[in-house]
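These are the residues of each chain, in order.
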Amino acid sequence: MIKVGIIGVGDWGKNLLRNFASLKDCEVAFVCDPDEKNLKKAARLFPHLNFCQDYKKALTQDQIQAVVIATPPATHYEIAHHAVMAGKDIFVEKPLVLDSSEGEKLCELAEKKQRLLMVGHIMLYHTATLRLKKYIEEGELGEVRYVYSTRVNLGKVRQEENALWSFAPHDISVILYLLGQTPVSVSCSGSCYLQPGIEDVVFLTMHFNNNVIANVHVSWLDPHKDRKLTIVGSKKMAVFDDTKASEKVWIFDKGVDSNMDYNTYGEYLSLRTGDIVIPKIDSVEPLQSECQHFLECVKDRKKPRSDGKEALAVLKVLVAAQKSLKMGGTPVEVEC
Ligand SMILES: NC(=O)c1ccc[n+]([C@@H]2O[C@H](COP(=O)([O-])OP(=O)(O)OC[C@H]3O[C@@H](n4cnc5c(N)ncnc54)[C@H](O)[C@@H]3O)[C@@H](O)[C@H]2O)c1
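Starting afresh in each chain, residues are numbered from 1 along the sequence in its written order. The model is predicted, so local features are restricted to residues of pLDDT at least 70 and side-chain atom pairs to those at 80 or more, both for listing and for counting; the totals for chains, interfaces and linings are taken over all residues. Side-chain measures here rest on the full set of heavy atoms in the structure, leaving out hydrogens and waters.

This part takes up the site of the ligand. We call a residue near a given molecule or strand whenever any one of its heavy atoms falls within 4 Å of it. Taken together, 24 residues surround the ligand, and among them W12, D33, N38, K94 and R158 come closest. The contact in question runs from an oxygen atom of the ligand to an N or O atom on the side chain of N38, over 2.7 Å. Interatomic distance of 3.4 Å between a backbone N/O atom of T71 and an oxygen atom of the ligand. For every accessible area listed, the method is Shrake-Rupley and the probe measures 1.4 Å; residues are considered covered only by the protein chains on display. Isolated, the ligand exposes 850 Å² of accessible area, and the fraction of that covered by the protein chains is 83%. Whenever two N or O atoms come within 3.5 Å, that pair is a polar contact, provided that in protein one can donate a hydrogen and the other can accept it, and provided that, for residues adjacent in sequence, both atoms are side-chain atoms.

This next bit is on the state of the cysteines. The disulfide definition used here is simple: a pair of cysteine sulfur atoms within 2.5 Å. Across all of its chains, the model carries zero disulfides by this definition. Free of any disulfide, C26 has its nearest neighbouring cysteine sulfur in C291, separated by 8.5 Å. Not part of a disulfide, C107 finds its nearest cysteine sulfur in C297, a span of 15 Å.

Sheet architecture is open: nine strands sit in the order β14-β13-β12-β11-β7-β10-β9-β8-β15, paired in mixed fashion. Strand pairing shows two members of the sheet lacking a second neighbour, β14 (266-277) and β15 (332-333), which therefore form its edges. Here, a strand pair is defined by DSSP locating no fewer than two bridges between the strands. For the purposes of this entry, the term helix denotes a DSSP run of H or I that reaches at least four residues, the term strand denotes a run of E that reaches at least two, and both are numbered from the N terminus. Two elements, strand β12 (residues 237-241) and strand β13 (residues 249-261), share four bridges in a ladder whose sense is antiparallel. Bridging across to β13, M237 finds its partner in F252. Contacting β7 (144-154), β8 (185-191), β9 (201-207), β10 (213-219) and β11 (221-233), helix α7 (residues 163-179) crosses the sheet at an angle of about 155° to β10. Contacts are assigned to residue pairs that have any heavy atoms within 4.5 Å of one another. Lines are fitted to the C-alpha atoms to define the axes, a helix being fitted only along its stretch in contact, and any angle between axes, read from their N-to-C directions, falls within 0 to 180 degrees.

Aromatic ring pairs are described here by two measures, namely the spacing of the ring centres and the angle between the planes. Classification of ring pairs rests on two measures: the distance between centres of Phe, Tyr or Trp rings, Trp counted by its six-membered ring, which must be within 6.5 Å, and the angle between planes, read as stacked under 30 degrees, edge-to-face over 60 and tilted in between. Tallied over the full model, the rule gives seven aromatic pairs. Measuring from centroid to centroid gives 6.4 Å for Y262 and Y265, while their planes differ by 90°, and the two rings are edge-to-face. In this structure, Y262 and Y265 share a single accessibility class: exposed. Taken together, F20, F91 and F294 form an aromatic cluster joined through their ring pairs. Geometrically, a lysine NZ or arginine CZ counts as sitting over a ring once it is within 6 Å of the ring centre and also within 35 degrees of the ring normal. Between K133 and the ring centre of Y177, over which it is positioned, the NZ or CZ distance is 5.0 Å. Partly exposed residues are those whose accessible area sits between 20% and 50% of the maximum for their type, while under 20% is buried and over 50% is exposed, using a 1.4 Å probe and protein chains only.

If you trace the backbone, N209 turns up in the loop between β9 and β10. Judged by its relative accessible area of 44%, N209 is partly exposed. Separated by 127 residues in the primary sequence, N209 and C336 place their C-alpha atoms 13 Å from one another. Residues in contact with N209, not counting those within four places in the same chain, are Q181 and V184.

What follows covers the environment of K134. Mapped onto the secondary structure, K134 falls in helix α6 (residues 127-137). Each C-alpha atom of the pair K134 and I231 lies 13 Å from the other, and the pair is 97 residues apart in sequence.

The next point concerns the pattern of salt bridges. A pairing counts as a salt bridge when a side-chain nitrogen of Lys or Arg comes within 4 Å of a carboxyl oxygen of Asp or Glu. Counted by the stated rule, this structure contains 21 salt bridges. Put simply, K236 and E140 hold a salt bridge, and the shortest N to O gap is 2.8 Å. Pair noted here: K236 is in the loop between β11 and β12 and E140 is in the loop between α6 and β7, with a separation of 96 residues, a long-range link. Residue classification places E140 among the partly exposed positions, given a relative accessible area of 29%. One salt-bridge network, in which partners are shared between bridges, spans D89, R115 and R301.

Time to look at the sheet that holds strand β3 (residues 51-52). Adjacent strands of a sheet pair through backbone hydrogen bonds, lying either parallel or antiparallel. Reading across from one edge, β3-β2-β1-β4-β5-β6 is the order of the six strands in this open sheet, with parallel pairing throughout. The sheet is open, and its two edges are formed by β3 and β6 (117-120), each paired on a single side. Note that strand β1 (residues 2-7) and strand β2 (residues 26-32) share six bridges and pair parallel. Within β2, the residue paired with K3 across the bridge is E27.

An automatic or database domain assignment supplies the residue ranges for each domain. Partitioning the chain into domains gives domain 1 (2-121 + 287-304) and domain 2 (124-283 + 316-333). Here the C-alpha centre of domain 2 lies 30 Å away from the C-alpha centre of domain 1. With 14 residues of domain 1 at the contact, the number on the domain 2 side is 13 residues. Once two parts are brought into contact, the accessible area they lose, counted with a 1.4 Å probe and summed over both, makes up the buried area. Contact between domain 1 and domain 2 buries roughly 1200 Å² in total, counting both sides, with carbon and sulfur atoms accounting for 58%. Of all residues in domain 1, the largest losses of buried area upon contact with domain 2 belong to K94, S100 and H121, amounting jointly to 41% of the total for that side. Linking domain 1 with domain 2 are two salt bridges, by the criterion used here. Between the two partners, domain 1 and domain 2, sit four residue pairs in polar contact (both at pLDDT 80 or more). Of all the elements in the fold, those that place two or more residues in the side of domain 1 that touches domain 2 are α5 (100-112) and α8 (286-300). A total of three residues in the side of domain 1 that touches domain 2 trace back to one element, the largest contributor, which is α8.

Here it is, written out as structure tokens:
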């Protein structure tokens, strides 16, 4: 039985609490939040648990092996640092932290103390993402030419981080995972409409080696609810629509072929539209898979899929994108 503490039970933390509380081999040993209102809401659902307001005190309990941190991003570094120093494995919600040097320090500390660090890049635990990765690895799509994703809705307007830091970690983590590489440079533009200094809409373009580009559009000020990723490969094209209840991935046998014209011995391009395949993909709640993965890693001392290295790669893209955003879209190199 692994004893886990939950720090932060706001909008998202309560979902993590629900999942960890339902997993076998897991006992939620404490739930901590300075906000009494949120603690009471959690206590109504799970009255038998231990509730507290001071995470530092809770971390002194030796029998707790791991903690889950779902607090505002600006608090992640301090809480995660304390937790690792207290000897706990940590699951930190995205974005890991708000600064590359803090991210590096945290990863180094976790390694030095031999503690597990996993970040909540939930899309890496989505069965559709895993299927797309398999398609790419098996060459089904051919060479990936470009990728674009949209994560927009009329939703929770954040007051601390902008749409880039709030939404784009999901898209960046998926795109880096699918392509198996990090971008060389990024350019990013966006605008603040609702609050000064906090971009509500952001367009991020990532430039990779081999002429691969990826674009991410995120916003909480949009009439549509879109969660869509499109991959254009040299052989086939794939669309992953996460707003659908089923049939989330479509593979299009579409493309443009280069042919030889034997009359002129010149080349000409022809369009190809073949079958559309909708693979059967198991429907598993990604958050449940993510929580289960964390527990397995804690138990078996395995490296998480979204470990510190992966978190740092995403963080470096976010930092470069934020720089570009402030420079009106000027391309910025991504730190290696
Ligand atoms: N993976 C996802 O899909 C997903 C979705 C939404 C949010 N998130 C992430 O989850 C985290 C929390 O977001 P949210 O929407 O739940 O925010 P929220 O503001 O609703 O909740 C944050 C909670 O943390 C508590 N808190 C603040 N300081 C604390 C401290 N020192 N100790 C304990 N608790 C503290 C607050 O009182 C609040 O209850 C963020 O990092 C966010 O990016 C992830």
